[in-house]
Each structure stands twice: as structure tokens, then as C-alpha cells.
Amino acid sequence: MTKFSFFVPAVALGLAAATPAVAQDNGFEGARAEALIGFDHVSIKDFGMSGLGLGGLVGYDWQDGNIVYGFEGEVDGNTTRKTSVDQDERRAIKANLDLSAGARVGYVLSPKALVYGKAGYTVARFRSDWRDEESKGYARLVTTGFRVGAGVEYKLSDAAFVKGEVRLSHYGKDGDLEQGLWREQALAGVGIRF
């Protein structure tokens, strides 16, 4: 009986000590997964096309005081395309898959709000289709470049968050892209931190 009387308070004390650690908010640190949607615009010289961007992102962040830093990888699709008809020729240009990898650094404004900047490497695919009275065909282009952006992340709970982000990508000179190609995006996202 004496041993049991000692054991129960000891277990209760251990649980009480462990509870704050389990319930503790990890801030903005840990692995995260996100779904993204928003405006996508691609341009070169005087040509431009717009559509809806859709994507998924995974990353990992560390937090040191008010500073948050981490890395991320992203896969994006979109509806961005433009079709033109010139006399008897029809031409359609479409932006396809976009892959990116990079890093971000942010500052914690409050226990729920984070502002951040990001930079990274991006690879994009494009396709051009044409057709006239005598022939038809297509061409594919894969081009690489850099991406920069900034955003705000807001915590809905210890795990869930929403975000807003703007970004600019530049794809380097490649074949017909003598001046390079630009991509502008404004995206909203929802995510889970593990």
C-alpha cells in the first residue's frame, strides 16, 4: 500500500510536467506541406498570357528567436495559355509544368504572423502548337532561371496556416528567348505544419 501511495502521486507529477511540453507551440519550426492557387502571368517582349496557377509545396523551417529560415520544393501546374489566328494559321502557346527549389528567411511579427522573403532555382516547360491548311506541328521548350518572392504566413492553429505570396521568375536566354522570359504570380495557400 505504501509503494502504491507513492507511485500514484509520482505518475501524476510526471504527467503534469509532460503536459506543457506536449501542448507547447513549436512556432514556425518543422516540416510543412502546402496547396497553392492564384494568378499566373507569363511574358516576353510585347507578348503575354495569363491563367490560373495551381501547385503543391513541401519544406522545412527552423526558428531561432524571431528569425525563421528553411528550404522548400514546389511543383506547379497552370491554365496559362494564349491562342492566336493569323490568316489561315492558328497558333496556341501554353505554359506547362513548373518545378522550383529554394530557401526562405522570415521574421516573426507575432506568435501567429510571419513575413518572409524567398529565392531559388526554377525549371519551366512550355509548348507551342500550330496548324494551317497544309501542315500542323508543335514544339516544346524547357528553360531554367531564378525566382524571388515575398509573403505573409498566418497561423490558424498550432498546425494549420494560410499564406499570401507574390513572386517573380526569370527564365534565361534559350533559342528564341533572346530577351529571356518573365513570370509573375500572386498566390494564396493553405498548409499544415508537422
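Higher on the page you've got the structure.
Residues numbered from 1 in each chain as written. Predicted model: local features only at pLDDT ≥ 70, side-chain atom pairs only at ≥ 80, totals over all residues. Heavy atoms only, no water.

What about the overall build of the protein chain?
Line of reasoning, step 1. In terms of regular secondary structure, the protein chain is built from one helix and nine strands.
Line of reasoning, step 2. Each of the 194 residues in the protein chain was classed as buried or not, and the buried ones make up 35%.
Line of reasoning, step 3. Considering only contacts within the protein chain whose residues lie at least 6 apart along the sequence, 59% involve residues at least 24 apart.
Line of reasoning, step 4. As displayed, the protein chain offers around 11,300 Å² of accessible surface, 63% of which is attributable to carbon and sulfur atoms. (Helix = DSSP H or I, 4+ residues; strand = E, 2+ residues; numbered from the N terminus. Buried < 20%, exposed > 50% of the residue type's maximum accessible area, 1.4 Å probe, protein only. Contact = heavy atoms within 4.5 Å. Areas by Shrake-Rupley, 256 points an atom, 1.4 Å probe, with all protein chains shown as cover.)

Observations concerning the environment of Ser 110
Line of reasoning, step 1. Inspection of the secondary structure assignment puts Ser 110 in the loop between β5 (89-108) and β6 (113-131).
Line of reasoning, step 2. For the pair Ser 110 and Gly 27, spaced 83 residues apart in sequence, the C-alpha to C-alpha distance is 9.9 Å.
Line of reasoning, step 3. A polar contact of 3.2 Å, which involves the side chain of Ser 110, links it to the backbone nitrogen of Ala 113. (Polar contact = N/O pair within 3.5 Å; in protein donor to acceptor, adjacent residues only side chain to side chain.)

Quick word on the packing of aromatic side chains
Line of reasoning, step 1. With the rule as written, the count across this model stands at four aromatic pairs.
Line of reasoning, step 2. Ring geometry for Tyr 60 and Trp 62: centres 4.9 Å apart, planes at 55 degrees, overall tilted.
Line of reasoning, step 3. Their ring planes at 80 degrees and their centres at 6.2 Å tell us that Phe 126 and Tyr 171 sit as a pair that is edge-to-face. Note that Phe 126 is positioned in strand β6 and Tyr 171 in strand β8 (residues 160-171), a separation of 45 residues in sequence.
Line of reasoning, step 4. Residue classification places Tyr 171 among the buried residues on the basis of a relative accessible area of 0%.
Line of reasoning, step 5. Through a chain of ring-to-ring contacts, the aromatic side chains of Tyr 60, Trp 62, Tyr 69 and Phe 71 assemble into a single cluster.
Line of reasoning, step 6. The side chain of Arg 104 reaches across the aromatic face of Tyr 116, ending 4.6 Å from its centre.
Line of reasoning, step 7. Across the ring face of Phe 28, the terminal group of Lys 155 is positioned such that the distance to the ring centre comes to 5.3 Å. (Phe/Tyr/Trp six-rings, centres within 6.5 Å; stacked < 30°, edge-to-face > 60°. Lys NZ or Arg CZ within 6 Å of the ring centre and 35° of its normal.)

Shape is all these values report; function is a separate question.
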